[in-house]
Amino acid sequence: MRLDRSVLESLGTDFERIVVQDLRIRYPESKILHNLSFYSAFLGKETQNDILFIHSKAIISVECKNWTRYIKGSYNDETWTGSSRSHLTLSVFNPITQNDIHIRALRNNLRKQGINPPVFYNLVLLPDGTQLYTDCKEVINYSRLFYVIDEIVHESKLDIDVKFFENNIRTVSYTHLRAHETLRHL
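Residues numbered from 1 in each chain as written. Predicted model: local features only at pLDDT ≥ 70, side-chain atom pairs only at ≥ 80, totals over all residues. Heavy atoms only, no water.

1. Remarks on the sheet that holds strand β3 (residues 58–64)
Read across the open sheet, the 5 strands follow the order β1-β2-β3-β7-β9; overall the sheet is mixed. Two strands bound the open sheet, and with one partner strand each, they are β1 (31–40) and β9 (139–141). Pairs of neighbouring strands in the sheet enclose a mean axial angle of 40°, with direction left out of account. With 6 bridges joining them, β3 and strand β7 (residues 120–126) adopt parallel strand pairing. Counted as the bridge partner of cysteine 64 is leucine 125 from β7. The strands touched by helix α2 (residues 95–112) are β1, β2 (45–55), β3, β7 and β9; relative to β7, the strand with the most contacts, the crossing angle is about 145°. (Pairing = 2+ DSSP bridges. Helix = DSSP H or I, 4+ residues; strand = E, 2+ residues; numbered from the N terminus. Axes fitted to C-alpha atoms, helices over the stretch in contact; angles between N-to-C directions. Contact = heavy atoms within 4.5 Å.)

Structural data, given as structure tokens:
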């Protein structure tokens, strides 16, 4: 069965929504931002962050890949391979590097506003049952997500103003800027 790109994107967004919902339930004191876009000077265009988890001890960028069979790659690989519902072997840009670009774009946009952001953590999340052929510690199955977040939070020495970063991240996002421009032209 071959699925077209729009169906695959919809399945990916469904996975992201489940993750967002579960994060909000598990960490009610945190803020979770979904599908915000930021300008990337490195790319020279907009880039989209799947999920930003803002906790008083950490900010974590989660790149979701709803591949159900396997994913394979290492830090130095420019492209990774994998397979999902279609059973075809697919190639994607290294998801760790992809998420690093999202993080860098967001941090640079915050710096332009005079804000010194803390270190952001990078996680690449896949559904349970997906085989992970990688030794990259940032790539995890969904069942490990809360364990990994709890570990990051426990080890963190940071003290992050959650509301401050939520507001400022929203302010520098293209999503916010587009809405502001639309309102200005009304």
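We are not done yet, so read on.
2. Description of the packing of aromatic side chains
Evaluation of the coordinates by the stated rule reveals 6 aromatic pairs. Ring geometry for phenylalanine 164 and phenylalanine 165: centres 5.2 Å apart, planes at 90°, overall edge-to-face. Geometry around phenylalanine 42 places arginine 104 over its ring, the cationic atom sitting 5.4 Å from the centre. (Phe/Tyr/Trp six-rings, centres within 6.5 Å; stacked < 30°, edge-to-face > 60°. Lys NZ or Arg CZ within 6 Å of the ring centre and 35° of its normal.)

3. Some points on unusual backbone geometry
In this structure, asparagine 35 takes a positive phi of about 55° despite not being glycine. With respect to the helices and strands, asparagine 35 occurs in strand β1.

4. Looking at the confidence of the model for the protein chain
Looking at the protein chain, pLDDT values average 89 and 87% of them are 70 or higher. Below a pLDDT of 50 lies the segment residues 1–11, which in the model reaches 10 contacts outside its immediate sequence neighbourhood of four places, other chains included. (pLDDT = per-residue confidence, 0-100.)

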